[in-house]
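# Working through the structure, step by step
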Amino acid sequence: MGEAALHLDDDATLLDAYSRSVADAVDRVGPAVARIEQIGGRAGHGSGFVISPDGLIVTNSHVVADAGRVRVITPGGGSAEGRVLGSDLDTDIALIRADGRFPVVARLGDSKTLRRGQIAIAIGNPLGFEWTVTAGVVSALGRSMRSSTGRLIDDVVQTDAALNPGNSGGPLVASTGEVIGVNTAIILGAQGIAFAVASNTASHVVSEIIRHGRVRRAFIGISADTVVLPRRAALATRVLSDTAVRLRKVELAGPAARAGLREGDVIAAIDGRAVTGVDDLIRMLTGDRIGQSLAVTAIRGSTVETFAVTPQIRPEPR
């Protein structure tokens, strides 16, 4: 009996420590979580969280949709209008500037330090139940998922913290009280599988929107398909890959066309790094590639050629 009672006491102590950890994190971050309602555009609402006292708020692109202005409602019942500073559909992250001062802010943590199994806490406004808290663990790291534009969002955090419509844009929080992700998606019909855009991705998007009004990405003016790369071609180009990218269309006067690339060419590598598919190519065309010459290894017929392509800023979607 004595040993059984001792084990029960240990379990109670561990449970109490877990409860305190979750409750403390919620106390720290909860007041910075807001309900976001569209003004104009299509009707809808979601969640967001304040990251600076002057009213910078992070949410999802699909929460603000096509609305230029939103209403921000805080846990204390306060309400303010805000304007959408920028929205990046490729990562489903948007940034809002709300009117007024916000004394409690959430801090974006470093998602590179995450470990599977650590506590993950979701705070948001699911299905109209405002400022709901759910808790679970980080189930997996480094997931990828498609954005509404078709581009892959990399470094996505998978969690089993329960999410529902309305949680979108709210924070996924570590026990330290730092935001480790922006809740973005659930899989309908599945239980215990939900996703958040990693905090490091969100930090990059916020920085780009503040500096440039949008996320700058490189553009070379092509449409392409992923194709099988014959073994002989792989050996000729010295890449360790079974697939590559065939150019379906090359825009006239675009960077690729100016460099001499043509429809039907197969891009096998960029700067010596294998291009295994269209998603790989998109990942390589980051903002820091703009204006920088790239050595593009391409197969044309039976020959291998290298083209110097200088990407430009990708045009904004119309």
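Residues numbered from 1 in each chain as written. Predicted model: local features only at pLDDT ≥ 70, side-chain atom pairs only at ≥ 80, totals over all residues. Heavy atoms only, no water.

When you go through the protein residue by residue, the secondary structure sums to six helices and 21 strands. Seen through its principal axes, the protein has C-alpha atoms that stretch 80 × 55 × 35 Å. A burial count over the protein gives 47% of its 318 residues as buried. The long-range share in the protein, meaning contacts at least 24 apart out of those at least 6 apart in sequence, stands at 59%. (Helix = DSSP H or I, 4+ residues; strand = E, 2+ residues; numbered from the N terminus. Buried < 20%, exposed > 50% of the residue type's maximum accessible area, 1.4 Å probe, protein only. Contact = heavy atoms within 4.5 Å.)

Tallied over the entire structure, the rule returns 18 salt bridges. We note a salt bridge from Arg216 to Glu208, for which the minimum N-O separation is 3.8 Å. Taking relative accessible area as the criterion, Arg216 reaches 25% and is therefore assigned partly exposed. Classification of Glu208 as buried rests on a relative accessible area of 7%. Two residues, Arg248 and Asp225, come together in a salt bridge whose shortest N-O distance is 2.9 Å. (Salt bridge = Lys/Arg side-chain N within 4 Å of Asp/Glu carboxyl O.)

Counting residues in each nonpolar core, the largest one holds 43 residues, and the members touching the most others are Ile36, Phe49, Val58 and Ile121. Ranked by residue count, the leading element in this core is strand S6 (residues 93-98), at five residues. Filtering out sequence-adjacent residues up to four positions away, Ile121 remains in contact with Val22, Ala25, Val26, Val133, Thr134, Ala135, Pro171, Leu172, Val173, Ala174 and Ser175. Grouped together as the second largest cluster of nonpolar side chains are 21 residues, Ala218, Ala224, Ala256 and Phe307 included. (Core = buried A, V, L, I, M, F, W, Y, C linked by side-chain atoms within 4.5 Å.)

Below, the discussion takes up the environment of Ser144. Tracing the sequence through the fold places Ser144 in strand S9 (residues 132-146). Residue Ser144 is classed as partly exposed on the basis of its relative accessible area of 40%. Separated by 114 residues in the primary sequence, Ser144 and Gly30 have C-alpha atoms spaced 28 Å apart. Apart from residues lying up to four places away in sequence, Ser144 is in contact with Leu152, Ile153, Asp154 and Arg283.

On to the side chain of Thr74. Relative to the helices and strands, Thr74 is located in the loop between strand S4 (69-73) and strand S5 (79-88). Setting aside chain neighbours within four positions, we find Thr74 in contact with Phe102 and Trp131.

The next point concerns the pairing of strand S12 (residues 178-186). Residues in a regular strand project their side chains so that they alternate between the two faces of the sheet. Burial analysis of S12 places seven of its nine residues in the buried class, the great majority of the element. Across three bridges, the pairing between strand S11 (residues 171-173) and S12 is antiparallel. By the bridge assignment for S12, Pro171 is matched with Val182. The hairpin turn running from S11 into S12, its antiparallel successor, is four residues long, and Gly177 in that turn takes a positive phi close to 95°. Taken together, the five bridges between S12 and strand S13 (residues 194-198) define a ladder with antiparallel strand orientation. Note that in S13 the partner of Asn183 across the bridge is Ala196. (Pairing = 2+ DSSP bridges.)

Counting buried positions along strand S17 (residues 266-270) yields five of five residues, so the element is predominantly enclosed. Where strand S16 (residues 243-250) lies against S17, two bridges are found, and the strand directions are antiparallel. Within the sheet, the bridge partner assigned to Val245 lies in S17 and is Ile267. Where S17 and strand S19 (residues 294-300) come together, four bridges link them in antiparallel fashion. Within S19, the residue paired with Val266 across the bridge is Ile299. Of the pairings in the sheet, the one linking S17 to strand S18 (residues 273-274) comprises two bridges and is antiparallel in character. Its bridge partner being in S18, Ala269 is matched across the sheet by Ala274. Counting the residues between successive antiparallel strands, the hairpin from S17 to S18 contains two residues, one of them, Asp271, with a positive phi of roughly 50°.

When pLDDT is averaged across the protein, the result is 90; 92% of the residues are at 70 or more. The spread of mean pLDDT over the elements of the protein runs between helix H1 (residues 2-29), the lowest at 75, and strand S3 (residues 56-59), the highest at 98. (pLDDT = per-residue confidence, 0-100.)

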